Amino acid sequence: MPAPERIPAGRLSAMESAAEPAAPLPGPARPQDPPAAAPESAGTPSDALLTEGELTVRGRIEEASNAVLYCTVVYDGHRTACVYKPVAGERPLWDFPDGTLAQREVAAYEISRACGWDLIPPTVLRDGPYGTGMVQEWIDPPESSDEVPELLALVEDEEPGPGWKAVGLAQIGAGRTALLVHADHPRLRRLAVLDAVINNGDRKGGHLLPGADGQFFAIDHGVTFNAEDKLRTLLWGWAGEPLTDEALEVLRGLERQLADGRPLAARLAELITDAETEALRARVAGLLHSGRHPEPSGEWPAIPWPPV
């Protein structure tokens, strides 16, 4: 099987030092000094580290459609690298209220944490050099490409090989097509369930970041929690198949945590609308009722574009 598509390497442009005025957003950053090297992480940062720590902008990730800033955060003797997405750098979307993507990213993390699956890096909402925004733990890539898990691939066979699930045919140029497949990986399957719960409208290959020990993490969850069905993903390989016993147990627990008066419901009330919370509850109930992974509705493009 050919090697799967890899996550594009992000580029950082230098930003002004802390002593200089901040550049306006969402315009491009002005290059100056090379960005500082990522500091050694003190382990998985607590919410206090990300929320209360001193946030310093080091550079900007140029490929992102919205403003995404590479930062360091220091608190109580601990420090780590992180990503900061200020609301001021969000581009308006026709189907989401302006200035709400950061809150949706945090809500997605809260749901992931409630599920106990550790799929999304720690994510908080806080004030920063460019105003309120989302701050998320930075995921360092593995030292060797051999540690990068094979998650997505284009193959010329009509059927996926062992350990792979078919998504659909893709045009690859010159009138040729190939079969898009993803790994039949338990962590990826959990992510497919999570995306169905949060109604992720943009699950691309580039949103899967490889971490240490063959793990990977999911990022970029601003286009989530719409009250209407917006699910667009590359993870359709399990569509229509029964949910695992583990997923059903997690969904039952999540349903309880989403009840009025529970801490998770109260937290989500600070991040998304009442209508979006009710739609979230309905999606969880629907998954439990059907006992199966969702299938494309046919009323909305099922695959994000571009897929990477």
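Above this text is the structure in question.
Quick notes on the rules
- Residues numbered from 1 in each chain as written.
- Predicted model: local features only at pLDDT ≥ 70, side-chain atom pairs only at ≥ 80, totals over all residues.
- Heavy atoms only, no water.
- Pairing = 2+ DSSP bridges.
- Helix = DSSP H or I, 4+ residues; strand = E, 2+ residues; numbered from the N terminus.
- Axes fitted to C-alpha atoms, helices over the stretch in contact; angles between N-to-C directions.
- Buried < 20%, exposed > 50% of the residue type's maximum accessible area, 1.4 Å probe, protein only.
- Contact = heavy atoms within 4.5 Å.
- Expected span 1.5 Å × (residues − 1).
- Left-handed = near helix turned anticlockwise from the far one by under 90°.
- Nonpolar A, V, L, I, M, F, W, Y, C, P; charged D, E, K, R; others polar.
- Phe/Tyr/Trp six-rings, centres within 6.5 Å; stacked < 30°, edge-to-face > 60°.
- Lys NZ or Arg CZ within 6 Å of the ring centre and 35° of its normal.
- Patch = residues over 30% accessible without salt bridge, like charges linked within 9 Å, V, L, I, M, F, W, Y side chains within 5 Å.
- Areas by Shrake-Rupley, 256 points an atom, 1.4 Å probe, with all protein chains shown as cover.
- Salt bridge = Lys/Arg side-chain N within 4 Å of Asp/Glu carboxyl O.
- Lys, Arg positive; Asp, Glu negative; His and termini not counted.
- Charge placed at Lys NZ, Arg CZ, Asp CG, Glu CD.

Caption draft 1: Just the sheet that holds strand E7 (residues 152-155), in detail. On the basis of which strands lie adjacent, the open sheet formed by three strands has the order E7-E9-E8 and antiparallel pairing. Each of the sheet's edge strands pairs with one partner strand only, and the pair in question is E7 and strand E8 (164-173). When the angles between neighbouring strand axes are averaged without regard to direction, this sheet yields 30 degrees. One ladder, built from eight bridges, connects E8 with strand E9 (residues 176-183); its direction is antiparallel. Its bridge partner being in E9, Trp-164 is matched across the sheet by Ala-183.

Caption draft 2: Region of interest: unusual backbone geometry. Notably, Asp-76 is not glycine yet its phi reads approximately 50 degrees, a positive angle. Position of Asp-76 relative to the elements: it lies in the loop between strand E3 (69-75) and strand E4 (78-86). A relative accessible area of 64% places Asp-76 in the exposed class. Phi angles above zero are rare outside glycine, and Asn-199 is one such case at about 60 degrees. As for its position among the elements, Asn-199 is in the loop between helix H3 (186-198) and strand E10 (208-210).

Caption draft 3: Quick peek at the pairing of strand E5 (residues 123-128). As paired strands, E5 and strand E6 (residues 131-137) are joined by six bridges and run antiparallel to one another. Across the sheet, the residue bridging to Val-124 is Val-135, located in E6. From the end of E5 to the start of E6, which pair antiparallel, there are two residues.

Caption draft 4: Just the environment of Glu-255, in detail. On the secondary structure map, Glu-255 appears in helix H4 (residues 245-257). Each C-alpha atom of the pair Glu-255 and Ala-285 lies 7.3 Å from the other, and the pair is 30 residues apart in sequence. When residues no more than four places from it in sequence are discounted, the contact partners of Glu-255 are Val-284, Ala-285 and Leu-288.

Caption draft 5: Representation of H4 within the structure. Between its first and last C-alpha, H4 extends 19 Å over 13 residues, near the 18 Å set by a 1.5 Å rise per residue. Among the residues of H4, Ala-247, Leu-248, Val-250, Leu-251, Gly-253 and Leu-254 are the ones counted as buried. Buried positions along H4 lie against helix H2 (101-115), H3, helix H5 (263-269) and helix H6 (274-290).

Caption draft 6: Representation of the packing of H4 against H6 in the model. Two elements in contact, H4 and H6, have axes whose closest approach is 10 Å; the angle formed by their N-to-C orientations is 145 degrees. Note on packing geometry: the crossing formed by H4 with H6 is left-handed. Between H4 and H6, the residues in contact are Leu-248, Leu-251, Arg-252, Leu-254 and Glu-255 and Val-284, Ala-285, Leu-287 and Leu-288, respectively. A class-by-class count of the residues in the contact of H4 with H6 yields seven nonpolar, no polar and two charged.

Caption draft 7: The arrangement of the packing of aromatic side chains in detail. Throughout the structure, instances matching the rule amount to one aromatic pair. Judged by centre distance (4.7 Å) and plane angle (70 degrees), the rings of Tyr-70 and Trp-138 are edge-to-face. Of this pair, Tyr-70 sits in strand E3 while Trp-138 sits in the loop between E6 and E7; the two residues are 68 residues apart in sequence, bridging distant segments of the chain. The exposure class assigned to Trp-138 is partly exposed, which follows from its relative accessible area of 23%. Taking the ring centre of Phe-216 as reference, the NZ or CZ of Arg-187 above it sits at 5.6 Å. Positioned above the aromatic ring of Phe-217, the side-chain terminus of Arg-187 is 5.2 Å from the ring centre.

Caption draft 8: A negative patch on the surface, seen in detail. Together, Glu-143, Asp-146, Glu-147 and Asp-213 line one region of the surface with negative charge. Residue position: Asp-213 is located in the loop between E10 and strand E11 (216-218). For Asp-213, a relative accessible area of 73% gives the class exposed.

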